[in-house]
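Now for the letters of each chain:
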2 protein chains.
Amino acid sequence: MARRAFTFLILICCATICPVFLLENGMALTPIMGWLHWERFTCNTDCYNDPDNCVSEKLFMQIADIMVTDGWKDAGYEYVCIDDCWLALTRDKEGRLQADPDRFPGGIKKLADYVHAKGLKLGIYQDVGNRTCAGYPGSYGHYDIDAQTFAEWEVDLLKFDGCNFINLDILVEGYKNMSRALINTGRNITFSCEWPLYLWPFQTPNYTDIREHCNQWRNSGDVFDSWKSVTGIIDWTANHQQLLVPFAGPGAWNDPDMLVIGNFGLSPDQQVSQMIIWAMMAAPLLMSNDLRYIDPKAKALLQNKNIIAISQDPLGKQGYKIASVNNFDVWERPLSGDRYAFAVTNRYELGGPRHFPIFMATVPGWRRCFPTCLIATVFPNYVELGEHSFLSQYKFTINPTGTVLFIVSIPPKTKLLNNLNKRAGLKLNRTWKNLNTIQRKDDYF
Amino acid sequence: MARRAFTFLILICCATICPVFLLENGMALTPIMGWLHWERFTCNTDCYNDPDNCVSEKLFMQIADIMVTDGWKDAGYEYVCIDDCWLALTRDKEGRLQADPDRFPGGIKKLADYVHAKGLKLGIYQDVGNRTCAGYPGSYGHYDIDAQTFAEWEVDLLKFDGCNFINLDILVEGYKNMSRALINTGRNITFSCEWPLYLWPFQTPNYTDIREHCNQWRNSGDVFDSWKSVTGIIDWTANHQQLLVPFAGPGAWNDPDMLVIGNFGLSPDQQVSQMIIWAMMAAPLLMSNDLRYIDPKAKALLQNKNIIAISQDPLGKQGYKIASVNNFDVWERPLSGDRYAFAVTNRYELGGPRHFPIFMATVPGWRRCFPTCLIATVFPNYVELGEHSFLSQYKFTINPTGTVLFIVSIPPKTKLLNNLNKRAGLKLNRTWKNLNTIQRKDDYF
């Protein structure tokens with residue numbers, strides 16, 4: 001464990017100090033926020049029988065309208081993103097991509113104009129291989145012309161999938177080529193990759209390379225509308241955080257896929273957990289839901305300013321899990337202004353709400369909290385709890401599958417003491433081991 | 001498949017015609033309804049720190065109060081059931097069980113009186129082995145005295161767990177002995193067994209024997225507060241229905257464990273699915289939730305008269321899954337009055353609501369619907385849809401993880417035709433195979 005923690009530290013330092021290149025398009029300086037059609041509307045192309053829910057310009061225009069009228073834009077959601085199944089089955093005579101003429105009669109340029117007129121941005125989808133995942137024409141062999149087409153249409157984001165690639169070299173080269181092709185258009189287009197997702201079954205992806213060519217990248221499988229899927233992604237990310245976290249930062253983000261809040265498969269507590277952990281992971285916040293009919297509680301959660309402020313923190317550091325203890329997962333994210341966000345999820349799917357005691361000294365980030373730190377809960381409510389010391393007896397109450405979120409700030413006198421401690425070479429030896437020794441009985445505390 | 005269906009038919013006929021013995025205590029003529037503390041309150045014995053949620057007489061008295069004042073009793077919920085962790089750590093000097101004196105200062109008899117005065121019934125818990133699952137004194141070697149004690153306390157139900165049994169013979173004999181001991185007390189005590197659950201890892205249980213000694217019996221593992229757990233139990237039951245269904249009937253029920261509706265782990269749609277499928281399975285409806293603080297929607301669902309009417313149908317036949325097609329699960333339950341209940345769950349955890357078309361002729365129970373049947377939806381709303389023929393184009397819309405429930409009644413003219421058909425030896429050859437040939441594309445119908 002100690003060696004793993006050390007490696008993690010080295011990687012974080014390296015990401016901060018070592019020269020790591022970045023896709024220099026100035027996009028996604030904080031994790032992007034918006035809406036993406038896939039999880040909720042999938043490849044529904046049947047506008048004859050299902051005109052209100054098929055993948056069509058009407059759907060994206062309606063979503064854009066609502067993003068402005070219902071507070072989504074004001075909350076920070078900016079991108080309206082098309083996923084797979086927008087294309088016609090063939091390219092045009094000049095070899096250019098074209099939207100399905102029945103479902104997008106105005107074409108993508110007109111849709112982009114509509115979205116831009118609302119003060120929003122338009123995202124589109126293509127694939128590095130011969131065909132998209134749903135079987136539409138892919139970009140392989142057409143990277144330059146497709147990038148040029150997207151730029152001419154004034155698209156603002158490209159989600160670039162990895163289905164139907166020919167071999168791993170072509171996959172990797174394809175992503176690099178499309179990245180360069182987008183840069184060469186002169187238009188700043190956020191580049192959303194799935195490169196590492198498709199490499200993982202064969203090899204550990206080269207994240208230095210990926211970071212240099214993508215603004216965000218999917219690592220794990222598609223999210224479904226279920227707690228099993230959401231926790232699967234959370235756990236996968238936590239299990240690979242030593243590799244992933246150091247590469248995240250302004251302009252470059254790990255992407256755990258869409259928010260499925262407001263749909264059918266998550267309980268209210270589970271929706272809270274996805275929202276908070278996505279904010280902690282500095283993940284793109286791309287909702288996939290039906291904003292036309294969303295439950296008011298889900299809407300309030302997705303528009304929660306305090307959670308969004310953590311997602312969009314300008315320091316741009318991705319959070320990481322620091323402990324799993326007594327079926328509580330504890331996440332920490334360093335924030336600007338000498339603050340840390342902490343999120344604690346109750347992963348015990350039996351019984352009632354449980355209490356999580358903050359033994360301040362035992363949380364790594366909190367070692368700097370000697371003699372005290374300022375604590376404020378962020379969710380479920382913003383409440384300033386004042387100064388707490390190592391001996392704080394404060395407990396959070398957390399529903400099964402729910403999450404609480406709080407912020408720890410280091411006051412000036414504590415900073416001073418930290419510096420003195422450093423000079424004196426003092427170390428606070430309390431570690432998570434203390435917490436790990438808590439007996440199973442404490443499930444009922 | 002054809003052979004399996006045939007075996008199933010034989011088993012159902014056998015259960016109807018062959019002499020199968022029954023525990024003759026006159027209890028549970030329809031699946032019992034009530035409340036059981038385990039899933040929500042587990043073994044919380046810490047009344048010092050958590051006085052409102054610990055396993056204590058106060059909790060059961062509060063629940064009894066609310067069951068009367070908040071419409072639960074009127075809806076049919078009758079049993080207030082104690083699970084593990086009610087006991088003192090030792091028997092008394094006469095070898096009799098005693099409740100924990102701090103948490104049950106009035107003792108069980110007084111609690112039973114309290115519950116009876118409300119017009120409700122009291123359930124209690126013990127174990128066939130040396131110790132209960134949580135380590136309290138078990139009933140092994142004390143079956144007669146324990147049964148006598150429960151009768152003197154005027155307990156109405158015994159949940160008899162199977163932890164810490166010595167060997168399989170003693171487990172089986174223990175359940176039989178306790179069953180006889182309860183009968184010998186002269187008090188009618190509903191006997192809730194876990195006998196098959198503990199046998200399954202070693203051998204296929206003898207359900208003829210079990211039915212003769214128990215009013216209900218747990219087959220599969222404990223339910224947790226999650227969709228994964230609920231669907232795990234549903235799928236296990238469907239996979240074993242050829243064995244299980246024939247043994248269910250008035251006084252004898254398969255028990256898939258508690259309803260966790262009103263807690264934290266199920267979305268509203270998933271709560272609907274648990275309620276409806278439990279009713280279809282003719283399962284005991286034992287809620288484990290906090291009735292003091294339950295969400296109004298969950299309360300309305302649990303008190304839904306139309307679903308409860310199906311659960312409590314006097315014909316007493318357990319429903320069974322008749323198809324899994326395009327990620328829809330279809331359940332059928334024969335009801336009194338020449339009616340069938342049908343439940344359809346959307347098991348596809350991606351996308352939006354999907355349409356399920358009733359191809360009437362393809363549903364086995366509906367073969368009797370020539371030329372027409374009367375259809376009424378029961379959930380989400382009770383709506384009479386009138387007569388529908390084989391060619392009905394009616395479609396139900398079902399949310400991901402949600403379930404719709406409808407009833408099919410056979411009108412007199414159809415009954416007459418059925419009889420004529422039988423005499424003429426005509427067979428309607430439409431089978432589920434028709435539906436199974438629907439292409440994957442139809443996910444988007």
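From a predicted model like this one, the values you see are computed outputs, not experimental measurements.

Cut-offs applied
Residues numbered from 1 in each chain as written. Chains lettered and ligands numbered in written order. Predicted model: local features only at pLDDT ≥ 70, side-chain atom pairs only at ≥ 80, totals over all residues. Heavy atoms only, no water. Helix = DSSP H or I, 4+ residues; strand = E, 2+ residues; numbered from the N terminus. Buried < 20%, exposed > 50% of the residue type's maximum accessible area, 1.4 Å probe, protein only. Contact = heavy atoms within 4.5 Å. Areas by Shrake-Rupley, 256 points an atom, 1.4 Å probe, with all protein chains shown as cover. Salt bridge = Lys/Arg side-chain N within 4 Å of Asp/Glu carboxyl O. Polar contact = N/O pair within 3.5 Å; in protein donor to acceptor, adjacent residues only side chain to side chain. Least-squares fit on C-alpha atoms with pLDDT ≥ 70 in both. Domains from an automatic or database assignment. Nonpolar A, V, L, I, M, F, W, Y, C, P; charged D, E, K, R; others polar. Phe/Tyr/Trp six-rings, centres within 6.5 Å; stacked < 30°, edge-to-face > 60°. Lys NZ or Arg CZ within 6 Å of the ring centre and 35° of its normal. Axes fitted to C-alpha atoms, helices over the stretch in contact; angles between N-to-C directions. Parallel < 35°, antiparallel > 145°, perpendicular 65-115°, else oblique. Left-handed = near helix turned anticlockwise from the far one by under 90°.

**Student:** Quick question: what am I supposed to make of the overall build of chain A here?
**Tutor:** Helix and strand content of chain A: 16 helices and 16 strands. A total of 445 residues make up chain A; the buried ones form 59% of that total. Look at the contacts in chain A between residues 6 or more apart in sequence, and 73% of them connect residues 24 or more apart. In the structure as shown, chain A presents an accessible area of about 17700 Å², 54% of it carried by carbon and sulfur atoms.

**Student:** Would you mind showing me how to read the interface of chain B and chain A here?
**Tutor:** Where interface size is quoted, it is often the accessible area lost as the parts come together. Between chain B and chain A, the contact holds 24 residues from the first and 24 residues from the second. Counting every contact that joins chain B to chain A gives zero salt bridges. Inspection of the region where chain B meets chain A yields ten residue pairs in polar contact (both at pLDDT 80 or more). Where the side of chain B that touches chain A is concerned, the elements lending two or more residues are α2 (38–41) and α12 (268–280) of chain B.

**Student:** How do you make sense of the relation of the copies chain B and chain A when you look at a structure like this?
**Tutor:** Each of the two chain copies can be brought onto the other by rotation about an axis and movement along it. Superposing chain B onto chain A requires a rotation of 180 degrees together with a translation of 0.0 Å along the rotation axis, leaving an RMSD of 0.0 Å. Read as a symmetry element, the transformation amounts to a two-fold axis. Relative to the rotation axis, the closest C-alpha in chain B is found at S267 of chain B, a distance of 1.9 Å. The overlap is high: 100% of the interface residues of chain B also sit at the interface in chain A, so the same surface is used on both sides.

**Student:** What am I meant to see in the domain arrangement of chain A here?
**Tutor:** All names here are of chain A. When cut into domains, chain A gives domain 1 (21–311) and domain 2 (320–438). Centre-to-centre, using C-alpha coordinates, domain 1 lies 33 Å away from domain 2. Each partner contributes residues to the interface: domain 1 has 24 residues there, and domain 2 has 23 residues. Between the two partners, domain 1 and domain 2, sit one salt bridge. The residue R347 makes a salt bridge to D235 at a minimum N-O spacing of 2.9 Å. Connecting domain 1 to domain 2 are nine residue pairs in polar contact (both at pLDDT 80 or more). Elements represented by at least two residues in the side of domain 1 that touches domain 2 include exactly α10 (227–239), α12 (268–280) and α14 (305–311). The residue makeup of the side of domain 1 that touches domain 2, split by class, is 14 nonpolar, eight polar and two charged.

**Student:** I keep staring at the environment of C81 of chain A and nothing clicks. Help me out?
**Tutor:** Residue and element names in this part refer to chain A. Its place among the elements puts C81 in strand β2 (residues 79–81). As for C81 and Y143, which are separated by 62 residues in sequence, their C-alpha atoms are 20 Å apart. When sequence neighbours within four positions are dropped, the list of residues in contact with C81 reads W35, L36, H37, F60, G123, L157 and L286.

**Student:** For this particular structure, what's the right way to read the packing of aromatic side chains?
**Tutor:** Here a ring pair, both rings aromatic, is described through the centre-centre distance and the interplanar angle of the planes. The final tally for this structure, using the stated rule, is 43 aromatic pairs over all chains. With centroids separated by 5.4 Å and ring planes inclined at 85 degrees, the aromatic side chains of F160 of chain B and Y175 of chain B adopt a geometry described as edge-to-face. Taken as a pair, F160 of chain B in strand β4 (residues 157–161) and Y175 of chain B in helix α7 (residues 168–184) lie far apart in primary sequence, 15 residues in all. Classification of Y175 of chain B by relative accessible area gives buried; the value is 0%. Arranged with centres 6.4 Å apart and planes meeting at 45 degrees, the rings of Y175 of chain B and F191 of chain B form a pair that is tilted. You can see Y175 of chain B sitting in helix α7 and its partner F191 of chain B sitting in strand β5 (residues 190–193), a full 16 residues away along the chain. With respect to class, Y175 of chain B is no different from F191 of chain B; both count as buried. Of the aromatic side chains, those joined through ring pairs into one cluster are Y140, Y143, F160, Y175, F191 and W195 of chain A. Lying across the ring of F328 of chain A, R354 of chain A places its NZ or CZ 4.0 Å from the centre.

**Student:** How do you make sense of the packing of helix α10 (residues 227–239) of chain B against α12 of chain B when you look at a structure like this?
**Tutor:** In a pair of packed helices, the angle between the axes and the distance between the axes together describe the arrangement. All names here are of chain B. Remark: α10 packs on α12, axes separated minimally by 11 Å, with the N-to-C direction vectors making an angle of 25 degrees. The pairing of α10 with α12 is recorded here as roughly parallel in orientation. Once α10 is placed against α12, the crossing between them reads as left-handed. The residues of α12 that touch α10, namely those facing W227, V230, I233 and I234, are Q270, S273, Q274, I277 and W278. Counted by class, the contact of α10 with α12 contains six nonpolar, three polar and no charged residues.

**Student:** Can you walk me through the side chain of H388 of chain A in this structure?
**Tutor:** Its location among the elements puts H388 of chain A in strand β14 (residues 383–389). Polar contacts involving the side chain of H388 of chain A include one to the main-chain carbonyl oxygen of L385 of chain A, which spans 3.2 Å.

**Student:** Would you mind showing me how to read the environment of L182 of chain A here?
**Tutor:** All names here are of chain A. Here L182 is to be found in helix α7 (residues 168–184). The buried category is assigned to L182, whose relative accessible area is 3%. On a C-alpha basis, the gap between L182 and T149 in space is 10 Å, while along the polypeptide they are 33 residues apart. Not counting residues up to four positions away in its chain, the partners in contact with L182 are A147, L158, R187, I189 and F191.

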